[in-house]
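Close look at the chain arrangement
So the chains spell out like this:
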Amino acid sequence: MLKAKTVQLLVLAAGLGLSALLSWKLQHDQELYIDARFQHESQLQAEALHREIQVSLESLYSLSALLTDKSAPSRAEFHFTARQVINRHPGVQALEWIPRVKLAKKSDLEEQQKQRYPGFTFTELDKNNNLQPVEERPEYFPVYFVEPLIGNENAFGFDLASNPVRLSALNNARDNASPSASAPLSLVQGNSQSSGILAFLPHYQGMPVTLDARRENLQGFVLGVFYIDEIFDISSMPSIASNIQFRLTDITTEPEEAPFFISQPLAPYTLADDYSKTQLLPLIWGRQWVIESIPTQGYIDSKQAPYAGIILLVGITFTLLTNLYIYLLSKRTRLIEREVKSRTAELNEMNRKLQQIARIDELTSLYNRRGFEEFYAREWQRAVRNKTTISVIIFDVDHFKRFNDKYGHLAGDHCLEAVASILSRHAKRPGDLVARLGGEEFVVLLTDTENPQTVAEDCRHGVACMKLRHEDSPVADIVTISAGFTSISPEAGIPRDLALEQADKALYMAKESGRNRVIRYHNEHQPVTRIISNPGIQD
Ligand SMILES: Nc1nc2c(ncn2[C@@H]2O[C@H](COP(=O)(O)OP(=O)(O)OP(=O)(O)O)[C@@H](O)[C@H]2O)c(=O)[nH]1
């Protein structure tokens with residue numbers, strides 16, 4: 001049987017272990033769910049952003065339709081169409097016409113614009129990022145028409161060939177005869193903190209197919225200007241963008257480029273960087289962008305359900321309560337066991353006393369017949385083993401019925417107590433036993449005794465010396481006793497009752513021959529018993 005403490009420990013270990021395991025599993029599943037949900041939402045936002053960029057860039061095609069079969073759009077045509085396009089595409093910051101201007105034509109074109117916009121000139125940025133008139137070079141790509149002009153004044157007349165990033169995008173578009181976007185850059189419009197991108201659609205005279213022909217026949221570009229933050233805002237889904245930070249990086253040329261755009265979730269926020277995800281956007285007019293999404297801690301917390309903690313708490317509480325219950329149960333069991341033990345001990349003690357009482361004569365406190373027989377049986381066996389002698393003396397109060405009749409039953413009891421006391425006084429060696437066989441009959445058992453007749457005679461004499469009056473006795477006017485005894489060396493096979501029978505026979509002879517005497521049993525073949533004492537009437 002397992003001990004209660006071991007059971008408690010096992011229950012504690014199993015309960016806490018299971019609770020922790022269940023709680024961990026719930027937490028783990030929940031994290032997987034949050035991760036999947038976050039990935040899904042990040043992807044939705046990335047797709048929406050890409051769609052918006054595409055739509056915005058596609059707007060350039062509407063404008064380029066003006067240029068079919070023309071070397072350049074008229075101002076009125078350009079502004080009318082561009083305004084309509086911008087109205088439909090709020091993500092477009094500006095639409096521009098960028099003609100290719102050879103040095104020889106520069107002054108003419110500047111002059112034409114000056115008639116409408118005095119002070120117009122082709123410009124470029126100096127080292128301090130201040131606009132200044134362009135230096136002389138073989139050809140220019142100035143912003144010649146811009147819609148809307150308001151807000152884009154700085155760009156008006158700006159020569160895109162003066163800047164390597166813009167020039168690279170221009171050349172790329174020209175050589176590939178395909179739409180091309182610039183790397184994210186800081187716009188000369190300068191009215192936003194955000195980076196912008198320029199998207200170019202090349203326009204040729206005719207349809208040149210070779211590289212040389214494209215370079216030769218290039219007329220100019222339709223240019224779209226876009227602010228990333230505005231496009232992002234238009235595409236953003238509030239529930240997502242307010243909880244997730246998005247970072248855009250252009251890795252077309254440098255894989256480790258720093259982000260050019262970082263969205264701002266609703267403040268205040270802390271980012272849960274562990275959940276960060278990165279995905280490639282499809283190519284955007286020749287540019288390869290990467291979008292990284294990082295959730296805020298608030299986003300993670302809002303998706304966290306407290307089940308894992310609750311399960312752990314409930315598990316621990318349940319385990320502790322179960323343990324407490326087992327403890328109380330085992331304590332109660334121990335109490336009951338202790339109680340049972342103590343009751344059993346009491347019962348055993350009572351039993352022992354009862355058994356003792358069953359062997360004791362109530363009147364004289366001597367052993368009764370049962371007590372005597374048990375003692376006698378043990379002593380008989382001992383004498384057989386040790387080859388020693390065993391002597392039995394049986395006493396009987398003479399004419400006791402008459403005593404009772406004369407002096408009453410109570411006096412009879414006192415008489416018996418007195419006789420018992422006399423017998424006990426004379427048979428007091430450790431192996432001796434005095435018992436009351438019943439009525440007025442007593443027995444004395446002596447082990448390994450040389451002279452039982454002396455003890456018998458002393459007893460008889462002692463009773464006579466009490467001089468207890470017995471006026472109705474024919475033997476004497478005092479109480480007297482008769483005794484018969486025998487001594488035997490028991491051997492295996494001899495019946496145990498033999499000594500008692502012999503002593504009884506001797507007693508019978510003592511009575512027959514006048515009472516108040518001690519007679520020894522002689523032997524089987526000589527039934528005549530030997531008179532040991534015959535003291536006469538008075539001792
Ligand atoms: N007072 C008293 N009397 C008892 C007790 N036990 C037995 N007796 C009485 O003892 C008497 C014994 O009588 P009997 O068996 O005739 O023996 P007896 O009168 O002594 O005659 P003998 O043995 O021949 O001398 C009976 O009257 C019993 O009632 C006892 O415990 N107390």
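Below, the structure is looked at part by part.

Conventions used here
Residues numbered from 1 in each chain as written. Predicted model: local features only at pLDDT ≥ 70, side-chain atom pairs only at ≥ 80, totals over all residues. Heavy atoms only, no water. Helix = DSSP H or I, 4+ residues; strand = E, 2+ residues; numbered from the N terminus. Buried < 20%, exposed > 50% of the residue type's maximum accessible area, 1.4 Å probe, protein only. Contact = heavy atoms within 4.5 Å. Areas by Shrake-Rupley, 256 points an atom, 1.4 Å probe, with all protein chains shown as cover. Pairing = 2+ DSSP bridges. Axes fitted to C-alpha atoms, helices over the stretch in contact; angles between N-to-C directions. Patch = residues over 30% accessible without salt bridge, like charges linked within 9 Å, V, L, I, M, F, W, Y side chains within 5 Å. Salt bridge = Lys/Arg side-chain N within 4 Å of Asp/Glu carboxyl O. Lys, Arg positive; Asp, Glu negative; His and termini not counted. Charge placed at Lys NZ, Arg CZ, Asp CG, Glu CD. Near = heavy atom within 4 Å. Polar contact = N/O pair within 3.5 Å; in protein donor to acceptor, adjacent residues only side chain to side chain. Phe/Tyr/Trp six-rings, centres within 6.5 Å; stacked < 30°, edge-to-face > 60°. Lys NZ or Arg CZ within 6 Å of the ring centre and 35° of its normal. Parallel < 35°, antiparallel > 145°, perpendicular 65-115°, else oblique. Nonpolar A, V, L, I, M, F, W, Y, C, P; charged D, E, K, R; others polar.

1. Looking at the overall build of the chain
Secondary structure assignment for the chain yields 14 helices and 19 strands. Taking all 539 residues of the chain together, the buried fraction comes to 43%. Excluding contacts between residues fewer than 6 apart, the proportion of contacts in the chain whose partners are at least 24 apart in sequence is 67%. Summing over all exposed atoms, the chain offers an accessible surface of approximately 28900 Å²; the carbon and sulfur share of this is 55%.

2. Here we look at the sheet that holds strand β1 (residues 92-99)
Judged by pairing direction, the sheet is antiparallel, and its 5 strands sit side by side in the order β6-β1-β9-β8-β7 without closing on themselves. At either end of the open sheet lies a strand with only one pairing partner, and these are β6 (145-147) and β7 (180-181). Pairing of β1 with β6, which is carried by 3 bridges, proceeds in the antiparallel orientation. Residue L95 lies in a different strand from β6, and its bridge partner there is E147. Running over the sheet, helix α4 (residues 164-176) touches β7, β8 (196-204) and β9 (218-227) and is turned about 35° from β8.

3. A closer look at a negative patch on the surface
Taken together, the side chains of E373, D497, E501 and D504 make up a negatively charged region of the molecular surface. Along the chain, E373 falls in helix α10 (residues 369-386).

4. Topic: the site of the ligand
Every one of the 16 residues lining the ligand counts as a neighbour, but H399, F400, N404, D413 and R436 are closest to it. The separation between an oxygen atom of the ligand and a polar main-chain atom of K401 is 2.8 Å. Contacts to the ligand include R436, whose side-chain N or O atom sits 2.7 Å from an oxygen atom. With the chains in place, 67% of the 660 Å² that the ligand exposes on its own is no longer accessible.

5. Here we look at the environment of L446
Locating L446 in the fold gives a position in strand β16 (residues 441-447). The sequence separation of L446 and E379 amounts to 67 residues, and the corresponding C-alpha distance is 9.4 Å. Here L446 is in contact with T389, I390, S391, I393, A427, D432, P452 and V455, once residues within four sequence places are set aside.

6. Re the side chain of H89
For H89, the location among the structural elements is in the loop between α2 (75-88) and β1. With a relative accessible area of 14%, H89 lands in the buried category. Setting aside chain neighbours within four positions, we find H89 in contact with V55 and S59.

7. Quick notes on the packing of aromatic side chains
In this structure the tally under the stated criterion is 18 aromatic pairs. Ring geometry for Y61 versus W285: centroids 6.1 Å apart, planes at 75°, classification edge-to-face. Of this pair, Y61 sits in helix α1 (residues 4-64) while W285 sits in the loop between β12 (277-280) and β13 (289-295), and the two are 224 residues apart along the sequence. Assessed through its relative accessible area of 10%, W285 is described here as buried. Taken together, the aromatic side chains of F78, Y117, F120, F122, Y140, Y144, F145 and F156 make up a single cluster linked through ring pairs. Above the face of the Y140 ring, K106 is positioned so that its terminal group lies 5.8 Å from the ring centre. It is K303 that lies over the ring of Y299; its NZ or CZ is 4.2 Å from the centre.

8. Structural notes on unusual backbone geometry
A cis geometry characterises the amide bond from E147 onward to P148, with omega recorded as -5°. In the segment running from A267 into P268, the intervening peptide bond is cis, with an omega of -10°. For P268, the location among the structural elements is in the loop between β11 (261-262) and β12. A positive phi angle, near 70°, is found at R515, a position not held by glycine. Relative to the elements of secondary structure, R515 occurs in the loop between α14 (498-512) and β18 (518-520). If you check the backbone angles, N516 has positive phi at about 50° while not being a glycine.

9. Considerations on the packing of α1 against helix α9 (residues 307-359)
Closest axis-to-axis distance for the α1/α9 pair is 8 Å, and the angle between their directions is 170°. Here α9 runs roughly antiparallel to α1, going by the angle between their axes. In the contact of α1 with α9, the residues fall into 16 nonpolar, 10 polar and no charged.

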